[in-house]
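Analysis of the macromolecular model
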Amino acid sequence: AQKVTQAQTEISVVEKEDVTLDCVYETRDTTYYLFWYKQPPSGELVFLIRRNSFDEQNEISGRYSWNFQKSTSSFNFTITASQVVDSAVYFCALVEGGSQGNLIFGKGTKLSVKP
Amino acid sequence: DGGITQSPKYLFRKEGQNVTLSCEQNLNHDAMYWYRQDPGQGLRLIYYSQIVNDFQKGDIAEGYSVSREKKESFPLTVTSAQKNPTAFYLCASSNYRGLDEQYFGPGTRLTVT
């Protein structure tokens, strides 16, 4: 069965600290896609990244970076030099290639960045 | 601007009443989705549609109904049969069966008393 686990319910850091949000997934499919979304207090989910199961290259986008490791079924997200505006709930999600787009979400990690 | 609109932002209803949540997209996406979010929880799929006049049940479809008469629109009706309708409802659309990224609307917060 497919499942996404975000073990960290809440994380609190001080501005400029680096922070890593963990994501562990389970799937039997060999083709799948992983996503990270940000949900600020306004409620709308904002897409951050999509990764397919055949591309294990790490990705960096400004202060954001993602580490995808199939060996440990993990897709972790690191924010470098965090800022107050990074405060949000972050969701990791999985969709299997054979599905019809049924995104399976983790329960989210609430990140609070304090000035 | 291209995007997804949901209205209203906040909705209040009395128990026993059906209520319809609106979702419109102008991204020309084929696929549309409805999710429910409860406090401290991830999103759970209610219904999805890959094409006009066709839709499928998600994980928690009981007590909900949808229609897809136009590509741009995917309204969700929360019926009186839904036991715990109070929640945050998010609509999304995507380009290809949901394997591309899904884009989300701003959500509707429904409160039933």
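The model shown is predicted, which means the values in this text are computed figures rather than measured ones.

**Some remarks on the sheet that holds strand β1 (residues 4-7) of chain B**
Residues and elements named next belong to chain B. Taken together, 4 strands build an open sheet; the order of strands is β1-β3-β8-β7 and the sheet is antiparallel. The open sheet terminates on both sides in strands that have one partner only, identified here as β1 and β7 (64-66). The average angle at which neighbouring strand axes cross in this sheet is 20°, direction not considered.

**Notes on the pairing of strand β10 (residues 88-96) of chain A**
Residues and elements named next belong to chain A. A large share of β10 lies buried, amounting to 8 of its 9 residues. In this structure, strand β5 (residues 32-39) lies alongside β10, joined through 8 bridges in antiparallel fashion. Residue pairing in the sheet places Y37 in a bridge with F91 of β10. Of the pairings in the sheet, the one linking β10 to strand β12 (residues 109-114) comprises 3 bridges and is antiparallel in character. Bridging from a neighbouring strand, A88 pairs with L111 of β12.

**So, the packing of aromatic side chains**
Counted by the stated rule, this structure contains 20 aromatic pairs over all chains. Residues A:F91 and A:F105 carry aromatic rings whose centres are separated by 6.1 Å and whose planes lie at 90° to one another, so their mutual orientation is edge-to-face. One end of the pair, A:F91, is in strand β10; the other, A:F105, is in strand β11 (residues 104-105), with 14 residues separating them in the sequence. A:F105 carries the same exposure label as A:F91, and that label is buried. On the basis of an interplanar angle of 25° and a centroid distance of 6.4 Å, the ring pair of B:Y33 and B:Y35 is categorised as stacked. A single burial state applies to B:Y33 and to B:Y35, both of which are buried. An aromatic cluster of three or more residues is present, and its members are A:F35, A:Y37, A:F47, A:F91, A:F105, B:Y33, B:Y35, B:Y48 and B:F104. The residue whose ring lies beneath B:R68 is B:F74, and the NZ or CZ to ring-centre distance is 6.0 Å. B:R109 extends its terminal NZ or CZ atom over the ring of B:F88, reaching a point 4.4 Å from the ring centre.

**Regarding the state of the cysteines**
All told, the structure shown has 2 disulfides over all chains when counted by the stated rule. Each sulfur in the disulfide pair A:C23 and A:C92 lies 2.0 Å from the other. On the sign convention where negative is left-handed, the bridge of A:C23 and A:C92, at about -65° about the S-S bond, is left-handed. Here A:C23 is found in the loop between β3 (19-21) and β4 (24-26), whereas its partner A:C92 is found in strand β10, with 69 residues between them in sequence. You can call A:C92 buried: its relative accessible area is 0%. One disulfide bridge connects B:C23 with B:C91, the sulfur atoms lying 1.8 Å from each other. What sets the handedness of the B:C23 and B:C91 disulfide is the S-S torsion sign, and at about -70° it is left-handed. In this pair, B:C23 is assigned in strand β3 (residues 19-25) and B:C91 in strand β9 (residues 87-94), connecting sequence segments 68 residues apart. B:C91 sits in the buried class, given a relative accessible area of 0%.

**Observations concerning the side chain of B:D38**
Along the chain, B:D38 falls in the loop between β4 (31-37) and β5 (43-51). Within the structure, the side chain of B:D38 is placed 2.9 Å from the side chain of B:R36, a separation counted as a polar contact.

**Let's talk about the interface of chain A and chain B**
Size of an interface: often given as the accessible area lost when the parts come together. Tallying the contact residues gives 24 residues for chain A and 23 residues for chain B. For the interface between chain A and chain B, the tally reads 1 salt bridge. Taking the shortest distance from any N to any O, the salt bridge between B:D100 and A:R50 comes out at 3.7 Å. On inspection of chain A and its partner chain B, the count reaches 3 residue pairs in polar contact (both at pLDDT 80 or more). Put simply, the parts of the chain that give the side of chain A that touches chain B at least two residues each are β5, β6 (46-52), β10 and β11 of chain A. Sorting elements by how many residues they give to the side of chain A that touches chain B places β5(A) first, with 4 residues. In terms of residue class, the side of chain A that touches chain B is made up of 10 nonpolar, 10 polar and 4 charged.

Basis of the calculations
Residues numbered from 1 in each chain as written. Chains lettered and ligands numbered in written order. Predicted model: local features only at pLDDT ≥ 70, side-chain atom pairs only at ≥ 80, totals over all residues. Heavy atoms only, no water. Pairing = 2+ DSSP bridges. Helix = DSSP H or I, 4+ residues; strand = E, 2+ residues; numbered from the N terminus. Axes fitted to C-alpha atoms, helices over the stretch in contact; angles between N-to-C directions. Buried < 20%, exposed > 50% of the residue type's maximum accessible area, 1.4 Å probe, protein only. Phe/Tyr/Trp six-rings, centres within 6.5 Å; stacked < 30°, edge-to-face > 60°. Lys NZ or Arg CZ within 6 Å of the ring centre and 35° of its normal. Disulfide = S-S within 2.5 Å. Polar contact = N/O pair within 3.5 Å; in protein donor to acceptor, adjacent residues only side chain to side chain. Contact = heavy atoms within 4.5 Å. Salt bridge = Lys/Arg side-chain N within 4 Å of Asp/Glu carboxyl O. Nonpolar A, V, L, I, M, F, W, Y, C, P; charged D, E, K, R; others polar.

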